[in-house]
Amino acid sequence: MSRALGFFTLLLAFSRADALYGHALVRCQFSSPDGHDAVYLEQYYFNKMLEFQYNSTLGKLIGYTKENIETADKLNKDPYIGYLQKQKKEMCERRASLVYNNLLKTVEPSVWLRSVEAVDSRHPGTLVCSAYDFYPQQIRLTWLRNGQEETSDVTSTVEVSNGNWLYQIHSYLEFTPRPGEKITCMVEHASLMEPKLYDWEPTADSGTNKIVVGTAGLLLGLVFSVAGLIYYKKKSSERVLVPTTEVFYPEHTL
Ligand SMILES: *[C@@H]1O[C@H](CO)[C@@H](O)[C@H](O)[C@H]1NC(C)=O
């Protein structure tokens, strides 16, 4: 809709300032695959003013000025126009199933499992399982501890619309880590033939990472300083061996 308006704005921008300008907007709206809720809409504008509108829910044309109301009344009495509008409404209904079956394919979620700072002091850890960019909206995220479903200390957002037909959802598990335990986020969605499992890898915790990065940095620094020392020693011994090749210029030429 906004894209259509943008297009008309563009057309207006490139038309002559004194030109008379008329345009029509035709819409077919539905939100179910069988098209039972389809609405067919025609809007006629002249110089950006809405003059007439046909809405299939009302089943008649409406005029927006005194003259247009009279014209609309006349047109509404014409059985042939009524027949044409009914045909267009039925075409709109049939489009619904075409769109749902051919354009709206299921889209698999991208899943990200990570740990975040604990939100309360009862549990030292919080895990977040996020599913991004999936379609359709219905999805189920489940937490498993050693294969057993965990329902306590779980909070979840609703599916949030991205505004581009795709959705995202986030599920939080507050937990106290136990050694040797396996925590899994299970995702069930229409795009997946079977539930997909994402295992939590506690080895990649940030404390260990900091030590690893720090040690690597220290080693690298050590290697460079030793290499620098060797290079310096070599250079200075070379200079000592060939003192006669050095050229001395007088400091003052007065
Ligand atoms: C069409 O008419 C119905 C019934 O009056 C109304 O609820 C709906 O909002 C109209 N649609 C548009 C897009 O104006």
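Residues numbered from 1 in each chain as written. Predicted model: local features only at pLDDT ≥ 70, side-chain atom pairs only at ≥ 80, totals over all residues. Heavy atoms only, no water.

### Section: the sheet that holds strand 8 (residues 148–150)
In spatial order, the strands read 8-7-12-13; together these four strands make up an open sheet with antiparallel pairing. The sheet is open, and its two edges are formed by strand 8 and strand 13 (196–199), each paired on a single side. Within the sheet, the average angular offset between the axes of one strand and its neighbour, ignoring direction, is 35°. Here three bridges tie strand 7 (residues 139–145) to strand 8, and the two strands are oriented antiparallel to one another. When the sheet's bridge partners are listed, Arg 145 is paired in strand 8 with Gln 148. (Pairing = 2+ DSSP bridges. Helix = DSSP H or I, 4+ residues; strand = E, 2+ residues; numbered from the N terminus. Axes fitted to C-alpha atoms, helices over the stretch in contact; angles between N-to-C directions.)

### Some details on the nonpolar core
Grouped burial of nonpolar side chains is what soluble globular proteins tend to show. Cys 129, Ala 131, Trp 143, Ile 183 and Val 187 are the most contacted members of the largest nonpolar core, which totals 22 residues. Among the elements of the structure, strand 5 (110–116), strand 6 (125–134), strand 7, strand 11 (167–175) and strand 12 (183–189) are those that each provide at least two residues to this core. If we ignore the near neighbours within four places in the chain, the residues touching Ile 183 are Leu 127, Trp 143, Leu 144, Arg 145, Leu 173, Phe 175, Tyr 198, Asp 199 and Trp 200. In this structure, Ala 38, Tyr 40, Phe 52 and Leu 61 belong to the second largest nonpolar core, which totals seven residues. (Core = buried A, V, L, I, M, F, W, Y, C linked by side-chain atoms within 4.5 Å. Buried < 20%, exposed > 50% of the residue type's maximum accessible area, 1.4 Å probe, protein only. Contact = heavy atoms within 4.5 Å.)

### Some remarks on the UniProt feature "transmembrane region" (unreviewed entry) in the protein
With numbering matched to this structure, UniProt assigns "transmembrane region" (unreviewed entry) to residues 211–232. This span, residues 211–232, is 100% helix and 0% strand, and a straight line between its end C-alpha atoms measures 31 Å. (UniProt positions renumbered as here; feature names shortened; annotations may be inferred.)

### Observations regarding the environment of Val 160
Mapped onto the secondary structure, Val 160 falls in strand 10 (residues 160–161). The exposure class assigned to Val 160 is partly exposed, which follows from its relative accessible area of 38%. As for Val 160 and Asp 133, which are separated by 27 residues in sequence, their C-alpha atoms are 9.9 Å apart. Here Val 160 is in contact with Leu 166, Tyr 167 and Gln 168, once residues within four sequence places are set aside.

### Some thoughts on the environment of Leu 144
Its place among the elements puts Leu 144 in strand 7. For Leu 144, a relative accessible area of 12% gives the class buried. Spatially, the C-alpha atoms of Leu 144 and Ile 183 are 5.7 Å apart, while their sequence positions differ by 39 residues. Excluding its chain neighbours within four sequence positions, the residues that come into contact with Leu 144 are Glu 149, Lys 182, Ile 183, Thr 184, Met 186 and Leu 197.

### Examining the site of the ligand
Arg 27, Gln 29, Leu 41, Asn 55, Thr 57 and Leu 58 make up every residue found near the ligand. Asn 55 places a polar side-chain atom, nitrogen or oxygen, 2.3 Å from an oxygen atom of the ligand. Here the ligand has 360 Å² of accessible area as a free molecule, and 48% of this is covered by the chains. For the shell around the ligand, the residue count by class is two nonpolar, three polar and one charged. (Near = heavy atom within 4 Å. Polar contact = N/O pair within 3.5 Å; in protein donor to acceptor, adjacent residues only side chain to side chain. Areas by Shrake-Rupley, 256 points an atom, 1.4 Å probe, with all protein chains shown as cover. Nonpolar A, V, L, I, M, F, W, Y, C, P; charged D, E, K, R; others polar.)

### Thoughts on the state of the cysteines
As enumerated under the stated definition, the model contains two disulfides in all. Residue pairing for Cys 28: its cysteine sulfur links by disulfide to Cys 92, the two sulfurs lying 2.1 Å apart. The disulfide joining Cys 28 to Cys 92 has a torsion of about 95° about its S-S bond and is therefore right-handed. Here Cys 28 is found in strand 1 (residues 22–29), whereas its partner Cys 92 is found in helix 3 (residues 79–102), with 64 residues between them in sequence. Cys 28 sits in the partly exposed class, given a relative accessible area of 31%. Disulfide partner of Cys 129: Cys 185, at an S-S distance of 1.9 Å. Negative torsions about the S-S bond denote left-handed disulfides, and the value of about -80° found for Cys 129 with Cys 185 makes this one left-handed. Pair noted here: Cys 129 is in strand 6 and Cys 185 is in strand 12, with a separation of 56 residues, a long-range link. For the pair Cys 129 and Cys 185, one class covers both residues: buried. Sequence-ordered numbering of the disulfide-bonded cysteines in the protein gives the connectivity 1-2, 3-4. (Disulfide = S-S within 2.5 Å.)

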